[in-house]
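# Understanding the architecture of this molecule
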Amino acid sequence: MHAPWRTALVVGASSGIGPAVARQLAERGCRVALVARREAELARLAAALGGDGSVRAYAHDVTRAAEVPALFQQICRDLGGLDLLVYAAGVMPRVAGEEYTFAKDREVVEVNLLGAIAWINEAAPRFARARAGTIVGISSVAGDRGRRGNPAYASSKAGLDAYLEAIRNRIGRHGVAVVTVKPGPVDTPMTEHIDRKPFLISAEEAARQTLAAAARRARTAYVPRRWRPIMLVLRHIPSPLFQRLDL
Ligand SMILES: NC(=O)c1ccc[n+]([C@@H]2O[C@H](COP(=O)([O-])OP(=O)(O)OC[C@H]3O[C@@H](n4cnc5c(N)ncnc54)[C@H](OP(=O)(O)O)[C@@H]3O)[C@@H](O)[C@H]2O)c1
């Protein structure tokens, strides 16, 4: 089956969900740009997926936001257009129960939120002008509540949710789909150190459900879907009670 997009840009394409998304797009005939810091990983993936140049690698650190406008334009030129942006870059460092390390928190916000804003700020006006295009942000169920385990990570994802909703409200009326994907635990390097991973799914399955949500122009997609009713309940637990729960 062919993808509904001819050209796609995946930020955070060197490990986990990002490369799985890129692989599924390439297998369906899409030209794909891969962005992340680890150049060797990207080059390997590009060679495996598109030896003919249909999959291209671009080494970039999303905390260097000033580089984004020029790189975005270059990628659009190289691909011959852009139909889909998937922002999958993210970090979730280990944080101890009583730890308050600003350097870790800053990186989380810079990668998970500011990086997304920098890239989506390029795609949004382009897609609005074209009256077409799809923006996907990989958020997390973690953004739905302020859980005690990793405050900065939850904040970055809550911020990403609000940003994506605001962009959708700006440009949705111009025919652009803006899709917030909220996975539960996914089996990737990010979660290797975590013991409790309820309803764990593979990166390939997360990618499949992400692209399915994007194709049907969903606003918010929980991945897998069973997280939607669970998070609906969790979001409605009163704050004093939530504080007492070990979540
Ligand atoms: N795994 C889960 O259980 C889970 C659950 C919910 C949501 N998510 C979200 O899903 C997204 C993908 O996570 P994953 O599980 O696939 O994690 P992963 O395997 O650790 O991959 C993270 C990706 O982000 C990229 N990245 C990190 N820092 C970057 C930087 N400064 N500049 C450019 N790229 C950077 C990494 O590339 P380089 O290191 O090469 O730069 C890598 O490609 C993240 O936003 C994560 O928060 C994951």
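Our subject in this report is the structure included herewith. Given the structure is predicted, the values throughout are model-derived calculations rather than measurements. (Residues numbered from 1 in each chain as written. Predicted model: local features only at pLDDT ≥ 70, side-chain atom pairs only at ≥ 80, totals over all residues. Heavy atoms only, no water.)

So, about the nonpolar core. Among the nonpolar cores identified, the biggest contains 40 residues, and Leu9, Val11, Ile75, Trp119 and Ile135 are the most heavily contacted of them. Element by element, the count of residues in this core is highest for helix H4 (residues 102-130), at 11 residues. Among the nonpolar cores identified, the runner-up in size contains 37 residues, and Val10, Ala46, Val86 and Val136 belong to it. (Core = buried A, V, L, I, M, F, W, Y, C linked by side-chain atoms within 4.5 Å. Buried < 20%, exposed > 50% of the residue type's maximum accessible area, 1.4 Å probe, protein only. Helix = DSSP H or I, 4+ residues; strand = E, 2+ residues; numbered from the N terminus.)

Glancing now at the packing of helix H3 (residues 68-79) against H4. It is at 9 Å that the axes of H3 and H4 come closest, and there the two elements cross at 50°. In terms of their interaxial angle, H3 and H4 are classed as oblique. Both H3 and H4 take part in a crossing whose hand is right-handed. When H3 is examined against H4, the residues Val68, Pro69, Leu71, Phe72, Gln73, Ile75 and Cys76 are found in contact with a partner set consisting of Ala118, Trp119, Glu122, Ala123 and Arg126. For the contact of H3 with H4, the per-class residue count stands at nine nonpolar, one polar and two charged. (Axes fitted to C-alpha atoms, helices over the stretch in contact; angles between N-to-C directions. Parallel < 35°, antiparallel > 145°, perpendicular 65-115°, else oblique. Left-handed = near helix turned anticlockwise from the far one by under 90°. Contact = heavy atoms within 4.5 Å. Nonpolar A, V, L, I, M, F, W, Y, C, P; charged D, E, K, R; others polar.)

Note that the residue after Val223, namely Pro224, is joined by a cis bond; omega there is -5°. Mapped onto the elements, Pro224 comes out in the loop between strand E9 (220-223) and helix H7 (227-235). Positioned with a positive phi, Arg217 is a non-glycine residue whose angle comes to about 55°. Here Arg217 lies in the loop between helix H6 (203-215) and E9.

Attention shifts here to the side chain of Thr180. With respect to the helices and strands, Thr180 occurs in strand E6 (residues 177-183). Within the local environment of Thr180, its side chain forms a polar contact with the side chain of Arg168, the two groups lying 2.8 Å apart. Residues in contact with Thr180, not counting those within four places in the same chain, are Gly137, Ser139, Asp161, Leu164, Arg168, Arg219, Thr220 and Ala221. (Polar contact = N/O pair within 3.5 Å; in protein donor to acceptor, adjacent residues only side chain to side chain.)

Moving on, we get to the environment of Ser202. With respect to the element layout, Ser202 can be found in strand E8 (residues 201-202). Taking relative accessible area as the criterion, Ser202 reaches 37% and is therefore assigned partly exposed. Separated by 182 residues in sequence, Ser202 and Ala20 have C-alpha atoms that sit 9.6 Å apart. In this structure, Ser202 is in contact with Val186 and Asp187, ignoring residues within four places of it in sequence. Reaching out from Ser202, the side chain makes a polar contact with the backbone nitrogen of Glu205 at a distance of 3.0 Å.

Attention shifts here to the environment of Ile135. Within the secondary structure, Ile135 sits in strand E5 (residues 134-138). Between the alpha carbons of Ile135 and Ala124 there is a distance of 7.8 Å; along the sequence they are 11 residues apart. Other than its neighbours up to four places away in sequence, Ile135 contacts Leu85, Ile120, Ala123, Ala124, Phe127, Leu164, Ile171, Ala177, Val178 and Val179.

Turning to the pattern of salt bridges, a few remarks are in order. Opposite charge on two side chains permits pairing when their charged atoms draw close. For the structure shown, the criterion picks out 10 salt bridges. As a salt-bridge pair, Glu204 and Arg23 come within 2.1 Å of each other at their nearest N and O atoms. Placement of the pair is Glu204 in helix H6 and Arg23 in helix H1 (residues 17-27), with a sequence separation of 181 residues. Judged by relative accessible area, Arg23 falls into the partly exposed class, the value being 27%. For the salt bridge of Arg106 with Glu110, the shortest nitrogen-to-oxygen distance reads 4.0 Å. You can see Arg106 and its partner Glu110 sitting in helix H4, four residues apart, about one turn around the helix. A relative accessible area of 47% means that Arg106 is categorised as partly exposed. (Salt bridge = Lys/Arg side-chain N within 4 Å of Asp/Glu carboxyl O.)

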